[in-house]
Amino acid sequence: MNEKKDFLSSLADELDTKNEGAAKDDFEIYHASSKSAAELRNFKDQDYDFAENSVQPKTAPKPTSMGGASATPKATATPTPKQAPKPTPQSAGSLRDGKKSPHSFQQEELKKIDKKPFKLDPKILIAGIIGLIAIIGLVWFFFFAPKIPMPDFVGKTINDVGAWAKQNNIETAGIIINKEYSLEYDKDVIISQDQKAGSKIKNDTALTFVASKGADPDEVIAFPDLMNMTYSEIKDWIDTNKLQKTKINTQYNTLVEKDLVINYDLKTGTESNFTRGSTLTINISKGPAPAGTVAIENFVGKTYAELEQWANSKKILLEKTEAYSDTVETGKIISQNIKVGESLEEGGKLGVVVSKGKAVKIPNLVGYTKEMLDVWAATPENKVTIVKKERYNSAPEGTVIGQSLAAGTQVDQGTVLELTISLYMPQLETNSRAWYGKDYLELIKWVDDANGKGANLAAGAWAGEEKSDTYPTPGQIISYSCLDAKGNQLPYGANGCARPLPIDAKISMKISSGPVTQPTPTPAPVLKEFKVDKNLGYATFKALCGANGITVNPIGTIADNSTTFVILQSDGVNTINNGQTLSEGMSIIVQEPTPAP
């Protein structure tokens, strides 16, 4: 409480000495009364709550009396302020106006200022509510109220719904169309709708329609006795039951009366389980063809030879066109340009398409490996005659690099298909000394053979000739090297030939012009021979033959001391007698003389 007492005392002293009061926004200022400053100080012992932004002096100011005299408080007792002299009475004024402030707090009176509550005129309130409701109504009408009239789409098509939705900016995402079978409504005709016709909708209103899928194709229909029905009866039966795949063909016929059934073909199902979706063709007679005309028959699936025989008997000309077919055999008719039962004047032309059988469809074989090509060629549909031509190429060996028939071409079976197969690059060496010592013309021939397969190589004795005892025969290859098209040695081994050669490579050779040292002549061999002398005995004769390289072919047993043996030439006819010369390499026959009969 001491702090509050000091503050009030200080505040009273400051107001006594100042001519104008300080304005404070945080308080309500009340009119001053005639109470004395001493009476105000009596409130110092009360507790007060002040705003946190109130300014507190750093040290408590020394209290002074209203008259200006100082009063020193005792240290041990609560100081009692001196009685301030009464100031000259002044008219009461507001401390907030800053013009008239009390000279002191001698007289003050606190009064509460009451403000009159605000009252709204009921008429104005009602008018405002009505105006607000009108604004809300206008906003709803212009921005939220449905405005698009809903048509009656029953009996109309789905396309009609789409056109209406587009015209009125209807969001198609909100349109749902369910479908169901209906005998009454045709396919895609609207059966019902969820929004009532004539109602108003917005462009984002969800709409649901039910549309017809047409008559149920799986519904079983009673099959009538067609052979005893007329054309009109059959047509009524088809229309009433909305038979989807039943059609009528009319044709001239000399045996069946007009408008009666010639025959019919039920392709799917049977008569007992005939449905709306079954495929049925009914052929009805138009009666006999007019004079000078021919009724066209059905030739599809028959051979062209059968058609020719018929055409010749009816004096009809034929126009034949051939086409490939995966389903019709070779030589049979695929189609005809005049329908069955229609008439054609004698001398008129009937066009037919005749099958050439299945075509072989040539794919793009370039890039096929040997294994891939073998698989393709082994397929039964690809019966062509393949002729291979090998060429040197950078593609891996065995790869197809060209074909004579373009991809996508259709050809007859057995057609010749020429394929170009890669040999890869030409390989000169299979060992490091493959061509040393060989005649240079052999290498030239190898190059010519390689060029025949696209290698485009060149070879020659560009390194010159020299004598060599190692390769003494003139023309033998002493050394060789492999170069690129610009004449630079290839980086393959010591001579550049250790790897396959690129296209346009060159082979440079150095060849022998003969030996450096001349060889010693070899003397001519001496021919061995001797003259026959049978008196020396067979054993001696045989030994001389062996020593001189003469072959003896004895017949029978001949005694070593025999002198009567007979010597025949190798033909076994001519006799060799004593004194005749036998030479090395001869072959003779020796036998005992034949005894006389």
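Predicted, not measured: the structure shown is a model, and the values here were computed from it.

### Details of the state of the cysteines
Consideration 1: Evaluated as defined, the whole model comprises 1 disulfide.
Consideration 2: What pairs with cysteine 482 in a disulfide is cysteine 497, and their sulfur atoms sit 1.9 Å apart. Measuring handedness by torsion sign, the sulfur bridge of cysteine 482 and cysteine 497 sits at about 110 degrees and is right-handed. Taken as a pair, cysteine 482 in strand β21 (residues 477-483) and cysteine 497 in the loop between β21 and β22 (506-512) lie far apart in primary sequence, 15 residues in all.

### A closer look at the packing of aromatic side chains
Consideration 1: A complete count under the given rule lists 12 aromatic pairs for this structure.
Consideration 2: Ring geometry for phenylalanine 223 against phenylalanine 274: centres 5.2 Å apart, planes inclined by 70 degrees, an arrangement best described as edge-to-face. One end of the pair, phenylalanine 223, is in the loop between β5 (207-212) and α5 (231-241); the other, phenylalanine 274, is in the loop between β7 (261-266) and β8 (280-285), and 51 residues separate them in sequence.
Consideration 3: Site record: aromatic cluster; members linked through ring pairs are Phe223, Trp237, Tyr264 and Phe274.
Consideration 4: Looking at lysine 213, its charged tip hangs above the ring of tyrosine 181, at a distance of 4.1 Å from the centre.
Consideration 5: In this structure, lysine 438 packs its charged tip against the face of tryptophan 435, placed 5.0 Å from the ring centre.

### Some points on unusual backbone geometry
Consideration 1: Backbone geometry at tyrosine 424 places phi at a positive 65 degrees, although glycine is not the residue there.
Consideration 2: Along the chain, tyrosine 424 turns up in the loop between β18 (416-422) and α8 (440-451).
Consideration 3: With phi around 75 degrees, aspartate 504 is a residue other than glycine that occupies positive phi space.
Consideration 4: Note on aspartate 504: relative accessible area 31%, which makes it partly exposed.

### Digging into the pattern of salt bridges
Consideration 1: Inspection of every chain in the model, using the stated rule, returns 13 salt bridges.
Consideration 2: Residue lysine 179 pairs with aspartate 188 through a salt bridge whose shortest N-O separation is 3.1 Å.
Consideration 3: With a closest N to O distance of 3.8 Å, lysine 320 and glutamate 322 form a salt bridge.
Consideration 4: Its relative accessible area of 42% is what places lysine 320 among the partly exposed residues.

Quick notes on the rules
- Residues numbered from 1 in each chain as written.
- Predicted model: local features only at pLDDT ≥ 70, side-chain atom pairs only at ≥ 80, totals over all residues.
- Heavy atoms only, no water.
- Disulfide = S-S within 2.5 Å.
- Helix = DSSP H or I, 4+ residues; strand = E, 2+ residues; numbered from the N terminus.
- Phe/Tyr/Trp six-rings, centres within 6.5 Å; stacked < 30°, edge-to-face > 60°.
- Lys NZ or Arg CZ within 6 Å of the ring centre and 35° of its normal.
- Buried < 20%, exposed > 50% of the residue type's maximum accessible area, 1.4 Å probe, protein only.
- Salt bridge = Lys/Arg side-chain N within 4 Å of Asp/Glu carboxyl O.

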